[in-house]
Amino acid sequence: MEAVRTTAEGATRIKTKEVKAFGTQAADADLGQMNIQRRTPTPHDVEIEILYCGVCHSDLHTARNEWHGTIYPCVPGHEIVGRIVNVGSHVKKFKVGDSAAVGCMVDSCRECQYCKEGLEQYCEQGNIQTYNSPDKHLGTQTYGGYSESVVVHEDFVLRVPENLDLAATAPLLCAGITTYSPLKHWNVGAGKKVGIVGLGGLGHMGVKLAKAMGAEVIVFTTSTSKVEDAKRLGADDVVLSKDPDQMNRYAGKLHFVLDAVSAKHDINEYLNLLRVDGSLALVGAPEHPLPVAAFSLIPMRRSFAGSMIGGIPETQEMLDFCGRHNIVSDIEMIGIQQINEAYDRLLKGDVKYRFVIDMASLKK
Ligand code: NAP
Ligand code: ZN
Ligand code: ZN
């Protein structure tokens, strides 16, 4: 097929291929099968047959328009692992048959100060996300990894270390980098006491990564059923956050807290865990604002910060780190037909610890 892209310079015709996908037409609709267009690879593009795609809570927030600004139809999915099936004439990094991965971004301006520093996620023009961003090639929105294949500029495609299981690697592309980047930025390592709040997809990766960096890791969970598991994942201690006595044990004790909670919660309870000059970085992105009390910050010169995914060079660094330390996600594999049920379970915190879609199921 052909798509006609009309810009200020005129109309361009782009050859496209129709592929199967799973997405939604509205905030209150279930996800279902649909067809989308993928461009024929341009000289620097690679075409990837998607083998596995992780299910991030951001997929759910976006599908249901919880952050507003979702463009429908919406095909989520930004934890993509697959095999290269086609390469453009100028592609240098990959060849047909290679395994490859795509995370939350597929492009950026490449010229601003942040892009030049490898911080494409903070691109001044706004990075092009894997789904729900303007697709400059086709004029539609970008469509994510709940699909048969994806076409991406080679600069935004990552290499997967050969020793890692492909399906369990998929969640590293968002949950992995989103926790790795702030842990590195706030110098987590030996001699540091680190709190991880919310043991979901992001949180469980945070535990594994902070532990591999040499820190003492304390997990804060609302789920009694996750206490023993948190220790198996590497936590030195686990606190049931509903129990004030358990919370008090760590008041003023932690150097750094990574908050990966997807829903409304009292952030002040976690700020109070920080020692003088400690920082709390929020990576969880609940739908509604979280009130912060001045006196959660002032008396101990604490910092309250945020962090968004990670740049392309750091994502490759994280994958290589995971390769060296043999770190992957704990996954529950599902077929794409179970995605709506998986979203319901995600909302109940009922996943240990990341759903990954076996994309072969889309061919059925
Ligand atoms: P997830 O697997 O659903 O995990 C979220 C965890 O938060 C749950 O497992 C649960 O942990 C805890 N939780 C849920 N509801 C809660 C509540 N009402 N009160 C307290 N704790 C609650 O989600 P995820 O995929 O890890 O994503 C987490 C958040 O990060 C989402 O908001 C997502 O959109 C966001 N995110 C941000 C970035 C970024 O760049 N900053 C990137 C990816 C995702 P316990 O059972 O242990 O309490
Ligand atoms: Zn994500
Ligand atoms: Zn830029």
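All of the points below concern the structure found in this document. On a predicted model such as this, the values are computed, not experimentally measured, just so you know.

Considerations on the pairing of strand S17 (residues 354-358)
Phase 1: The buried fraction of S17 amounts to 4 of the 5 residues, a majority that puts the element mostly inside the structure.
Phase 2: As paired elements, strand S4 (residues 45-54) and S17 share 3 bridges and run antiparallel to each other. Pairing of Gly 54 across the sheet is with Val 356, part of S17.
Phase 3: Two strands pair when backbone bridges link them, and strand S16 (residues 331-334) and S17 are joined in this way by 4 bridges, in the parallel orientation. Note that in S17 the partner of Ile 334 across the bridge is Ile 357.
Phase 4: The β-α-β motif built from S16, the intervening helix H11 (residues 339-347) and the parallel element S17 has right-handed crossover chirality.

Focus on the site of ligand 1
Phase 1: In the vicinity of ligand 1 there are 29 residues, among which His 57, Thr 221, Thr 222, Ser 223 and Arg 354 approach most closely.
Phase 2: Between ligand 1 and Lys 226, the relevant distance is 2.7 Å, taken from an oxygen atom to a side-chain nitrogen or oxygen of the residue.
Phase 3: Within the complex, 88% of the 920 Å² of free accessible area of ligand 1 lies under protein.
Phase 4: Only helix H1 (57-63) and helix H5 (201-212) provide two or more residues apiece to the shell around ligand 1.

Re unusual backbone geometry
Trans peptide bonds make up the majority, and among non-glycine residues the majority have a negative phi.
Phase 1: Between Tyr 72 and the following residue, Pro 73, the backbone shows a cis peptide bond with an omega angle of 0 degrees.
Phase 2: Take Pro 73: it is sitting in the loop between H1 and strand S5 (80-87).
Phase 3: One non-glycine residue, Arg 110, lies in the positive phi region at around 70 degrees.
Phase 4: Its place among the elements puts Arg 110 in the loop between strand S7 (105-107) and helix H2 (113-116).
Phase 5: Since its relative accessible area comes to 32%, Arg 110 is described here as partly exposed.
Phase 6: A positive phi angle, near 70 degrees, is found at Asp 277, a position not held by glycine.
Phase 7: For Asp 277, the position within the fold is in strand S14 (residues 274-282).

Observations concerning the nonpolar core
Phase 1: Of all hydrophobic cores here, the largest spans 87 residues; its most connected members are Val 55, Tyr 146, Leu 183 and Ile 339.
Phase 2: Within the second largest apolar cluster, 17 residues are counted, among which are Ile 218, Val 239, Ile 267 and Tyr 270.

Some words on helix H4 (residues 175-185)
Phase 1: Of all 11 residues making up H4, 9 are buried, and the element is well covered by its neighbours.
Phase 2: Here H4 has its buried residues at Ala 175, Gly 176, Ile 177, Thr 178, Thr 179, Tyr 180, Ser 181, Pro 182 and Leu 183.
Phase 3: In this structure, the buried residues of H4 make contact with strand S10 (193-197), H5, strand S13 (254-259), S14, helix H10 (312-325) and S17.
Phase 4: Trailing H4 by a residue or two, Asn 187 shows a phi angle of about 55 degrees, which is positive.

Details of the coordination of the zinc ion (ligand 3)
The expected angle between donors at a tetrahedral four-coordinate metal is 109.5 degrees. At an octahedral six-coordinate metal it is 90 or 180 degrees.
Phase 1: At the metal site, the zinc ion (ligand 3) is ligated by Cys 109 (SG), Cys 112 (SG), Cys 115 (SG) and Cys 123 (SG), and these contacts range over 2.3 to 2.4 Å.
Phase 2: Around the zinc ion (ligand 3) sit 4 donor atoms; with metal-centred angles ranging over 102 to 121 degrees, the donor geometry is tetrahedral.
Phase 3: All donor residues of the zinc ion (ligand 3) come from one chain, and their arrangement in sequence is C-x2-C-x2-C-x7-C. Taken together, the residues span a long stretch of sequence, with Cys 112 in the loop between S7 and H2 and Cys 123 in the loop between H2 and strand S8 (128-129) at a distance of 11 residues. Assigned by exposure class, Cys 112 and Cys 123 land together as buried.

Concerning H11
Phase 1: Buried residues of H11: Ile 339, Asn 340, Ala 342, Tyr 343 and Leu 346, and no others. The arc that holds every buried residue of H11, seen down its axis, measures 155 degrees, which confines them to one face.

Points about the coordination of the zinc ion (ligand 2)
Phase 1: Each protein donor to the zinc ion (ligand 2) is listed here as Cys 56 (SG), His 78 (NE2) and Cys 174 (SG); together their distances run 2.0 to 2.2 Å.
Phase 2: Counting along the primary sequence, the residues that act as donors to the zinc ion (ligand 2) give the motif C-x21-H-x95-C. In this pair, His 78 is assigned in the loop between H1 and S5 and Cys 174 in the loop between helix H3 (166-169) and H4, connecting sequence segments 96 residues apart.
Phase 3: Classification of Cys 174 as buried rests on a relative accessible area of 5%.

Quick look at the pairing of S14
The side chains of a regular strand alternate, residue by residue, between the two faces of the sheet.
Phase 1: As paired strands, S13 and S14 are joined by 5 bridges and run parallel to one another. Pairing of Asp 259 across the sheet is with Leu 282, part of S14.
Phase 2: Bridging between S14 and strand S15 (residues 303-306) involves 4 bridges; their strand directions are parallel. Following the sheet pairing, Ala 281 is matched in S15 by Ala 305.

Brief notes about the side chain of Thr 221
Phase 1: Examined against the element boundaries, Thr 221 turns out to sit in strand S11 (residues 216-221).
Phase 2: Look at Thr 221 and you get buried, because its relative accessible area is 2%.
Phase 3: Polar contacts involving the side chain of Thr 221 include one to the main-chain amide nitrogen of Ser 223, which spans 3.0 Å.
Phase 4: Those residues within four positions of Thr 221 in sequence are excluded, and the remaining contacts are Lys 226, Val 227, Val 238, Val 239, Leu 240 and Ser 241.

Rules of the game
- Residues numbered from 1 in each chain as written.
- Chains lettered and ligands numbered in written order.
- Predicted model: local features only at pLDDT ≥ 70, side-chain atom pairs only at ≥ 80, totals over all residues.
- Heavy atoms only, no water.
- Buried < 20%, exposed > 50% of the residue type's maximum accessible area, 1.4 Å probe, protein only.
- Helix = DSSP H or I, 4+ residues; strand = E, 2+ residues; numbered from the N terminus.
- Pairing = 2+ DSSP bridges.
- Right-handed = clockwise from strand over helix to strand, strands pointing away.
- Near = heavy atom within 4 Å.
- Polar contact = N/O pair within 3.5 Å; in protein donor to acceptor, adjacent residues only side chain to side chain.
- Areas by Shrake-Rupley, 256 points an atom, 1.4 Å probe, with all protein chains shown as cover.
- Core = buried A, V, L, I, M, F, W, Y, C linked by side-chain atoms within 4.5 Å.
- Contact = heavy atoms within 4.5 Å.
- Donors = N, O, S within 2.8 Å, 3.2 Å for Na, K, Ca; no water.
- Tetrahedral: all angles 85-135°; square planar, octahedral: opposite > 155°, others 65-115°.
- Arc of directions from axis to C-beta.

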